[in-house]
Every structure is written in C-alpha cells, then in structure tokens.
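Listed here are the chains, written in short residue letters.
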Amino acid sequence: MTIIQGMTLAVPSLSAGTLFVSLDLPTPWPVPHPILFMEYQLLDGFLLIGARPNGTIEATLRSREEGVGGFIDSLATPEIHVEANPIAIICVIWENSKISELEVNRHSIFPNTEFTGPLIIDDKEPGDNVDYAIENGKAQESRYLTLQQIRDQPKRKAGGRNYLLSALNDESEQLEDLIDALKRGREAHVLGLASRLRLLIIDKPLGLLQHCAAFDKLPLIVFCGRDPELTLSIDSVITFQPPALAKPTLFKSNPVDLDVWLRFPALTIKGKTYSHRDVIKDIGDTIGSHRDRGITNVVQAFQMLRTQDANRYREIQRYIMETAQVVLHLSHFVLSSYENSNKS
C-alpha cells in the first residue's frame, strides 16, 4: 500500500512535523468501510491517515492515551472522485498539535475550508502494475551465468551444491531465531540480523540465496507496489520506500525478482537516492559487523526517521526485520524446491 514515506529532517512529535506518503488508492473507491492506510508513531503520540466510506481521506493526531481521550485533532478532504487507479501523494503538516494543512495531489485543504465540490484525482497513466517480466527473466539468467563463471579459490576444496544448500538451511534457521528474538522484544538482535542479510543477498558475486537459486535458475519473486521505482526528491526531507512483501496483497501485487528489487530506490536524502542494495549493505557493513566513530548517511537517516526516542534503531529494526521475513520465505522456497526435485 505505502509506496513512499517521508519525514522532515527532525524527530517528529505532536508539537510539529511534516509527513509525505504516496500510495495506491484502493479499489473500489469510495471504500466500503473505513480503512487505515498508516499509523505513524511520533515521539509522544500517533499520526493516522485513512479513508472513509464517504470518499474522504482523513489525517488524525492522537496522544498515547487509549480511547476517545486520545483524540487531539483531525482534518479531512472533501469527497474525492477518482479516475482510473491513481497514486495519491499526501502531505500532512501540523503545528502546535493542530493539523494546519492536508494536501492530496496538490489539492490543499486547510481547517475551516469551505468546499464547493468534490476533489477530482486522476492518473494520466494506466492503473496497471509496471511490468517487470523481462527484467525478472534477465535476473534469473544473470544469476545462472554468474554461477558458471565462479571459480574455486586456490587452496580451498570446492563445497558444491549440497554444501551451499546446507549452509542456506543453517542461515534460514538463524534468521528464524533472530526474527523470533526481535518479536519478543530483544531488539539488539537486529544487528545480527543485518549481518546475516548481507551474507544471504548482498555478498559478491552472488549472495548465498541467489547462489543456491542459480543452480536450477529458480525465480526469487517478491511483491511491490504498482510503480516501485517512483521517487520523491524534496529538499530537507528524507523519503523512504518500505520493503517488498513475500506474498501479494491488495496494495502490493506487482511480482518483481529479488535482484531487480534490490536496485530500486529505498532512501532519498536531500536529493541523493540509495537503493535497497545500498541500504542493506551499508547497515550490514557498519552496525551489523563493526562500529566506527563516524556514522553513515543511511544509518543517520534511519535514526532521524525513528518513531520512538528510546530506540535509535527502531526504523532500522523494522526495515531489516521485514526484509528478513521476505528472505526467509524465499530461502524456504529454494530449499523445498531442491527437496522436491530429489524426491522425483
């Protein structure tokens, strides 16, 4: 659902902030029941963005108090009429715990604005997914050709297919344990998870996962939004592309090969774009393996995007864990494929 997410270069709180998010509006529109697009945790509360059956989009500020007492302020668009299947680019600006502006595709809504009619949101491009079938096929072929060119290292005995598949199985078990630890609140394990991801999908010339998939030209399909290469370049703003998914959903149903996805934009910092490969490698090379006195742009950007002051790795943890769950799913697919082929 979320294609791009962006925050100002300051830790957001209820007192003031700006959020950008780009997403595919659901079909049918208006939605038959209220839908929550996103709930963003601020330092001292939440910013919620959702759609209602009357065809409006609403932004709401809430404190951490449960129930009605947590409501602080909200601002909604007039009824929105959509044509085709457009992308909605939403900007929310709030000051002094009040939402001062809600913008949807350059239509600005302010408190106490009187509306004379519905907003029309159209899309001059077709609403279908961008087709990556050709790129997906090339990625499979490229992995296979790279595998053929790999030569054994001097003074080392070649492990072969079974050795690498056994290694992939071991790494998968590690991923499961680390993901489980993170879910149970043992947040320091994000560092180990980042290191395993680097080995599994980033190492040259092939990550362990891609190496094992290349033996039989297996596909490594993940699912993205309609146009996963869409970027927003805005000065003084960090924009962030959430990870792909292991299985298709209403908002992310575009099949893309893992290696194709790795080159897609993940972070844009003051106009400079970093791919998912850049981000995973940078995190794995730094906090996932060693600590330097300096801090890289990527790690710094994630720390600025953090949603809770108590944990400076909050957004890194979320990104790494979601990516690890996708890689774990693909690892199980590769291992089960070889297991089934050996039985036949």
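Anyway, here's the lowdown on the structure attached to this text. Computed from a predicted model, the values in this text were never measured in an experiment.

## Section: the pattern of salt bridges
- If you walk through the whole model with that rule in mind, you get 9 salt bridges.
- Between D216 and R161 there is a salt bridge; the shortest N-O distance is 3.7 Å. A residue pair is termed long-range when its members are at least 10 positions apart, and D216 in the loop between α4 (208–214) and β12 (221–224) and R161 in helix α2 (residues 160–183) qualify at 55 residues.
- The class of D216 is partly exposed, set by a relative accessible area of 39%.
- Where salt bridges share partners, they join R143, D257, D259 and R277 into one cluster.

## Some thoughts on the packing of aromatic side chains
- Scanning the model with the defined rule gives 2 aromatic pairs in all.
- Seen from their ring centres, Y132 and F264 are 5.2 Å apart, and the 55 degrees between their planes marks the pair as tilted. One end of the pair, Y132, is in the loop between β11 (119–121) and α1 (133–149); the other, F264, is in the loop between α5 (258–262) and β15 (265–269), with 132 residues separating them in the sequence. Neither Y132 nor F264 differs from the other in exposure class; each is buried.

## Focus: the environment of L119
- Along the chain, L119 falls in strand β11.
- When its relative accessible area of 12% is taken as the criterion, L119 is described as buried.
- Those residues in contact with L119, other than ones at most four positions away along the chain, are T77, P78, E79, I80, H81, H107 and I109.

## Notes on the pairing of strand β9 (residues 98–104)
- Relative to β9, strand β8 (residues 87–95) is paired through 6 bridges, and the arrangement is antiparallel. By the bridge assignment, V92 is partnered in β9 with L102.
- The hairpin turn running from β8 into β9, its antiparallel successor, is 2 residues long, and N96 in that turn takes a positive phi close to 50 degrees.
- Note: β9 against strand β10 (residues 107–109), 3 bridges, orientation antiparallel. Bridge pairing in β10 links E103 to S108.
- Between the end of β9 and the start of β10, which pair antiparallel, lie 2 residues, with N105 showing a positive phi angle near 50 degrees.

Thresholds applied
What you see as residue numbers is a count from 1 along each chain, following the sequence as written. Two thresholds apply to this predicted model, a pLDDT of at least 70 for residue-level local features and 80 or more for giving and counting side-chain atom pairs, whereas whole-chain, interface and lining totals are computed over all residues. As a rule here, side-chain values come from all non-hydrogen atoms in the structure, and water together with hydrogens is ignored. Each reported salt bridge corresponds to a side-chain nitrogen of Lys or Arg within 4 Å of a carboxyl oxygen of Asp or Glu. The helix count covers DSSP runs of H or I at least four residues long, the strand count covers runs of E at least two residues long, and both are numbered beginning at the N terminus. Only protein chains enter the area calculation, which uses a 1.4 Å probe; residues under 20% of their type maximum are buried, those over 50% are exposed, and those in between are partly exposed. Only Phe, Tyr and Trp rings are paired, with Trp represented by its six-membered ring, and only when their centres lie within 6.5 Å; those with planes under 30 degrees apart are stacked, over 60 edge-to-face, the remainder tilted. Residue contacts are counted whenever heavy atoms from the two residues lie within 4.5 Å of one another. Pairing between two strands is assigned when DSSP locates at least 2 bridges connecting them.

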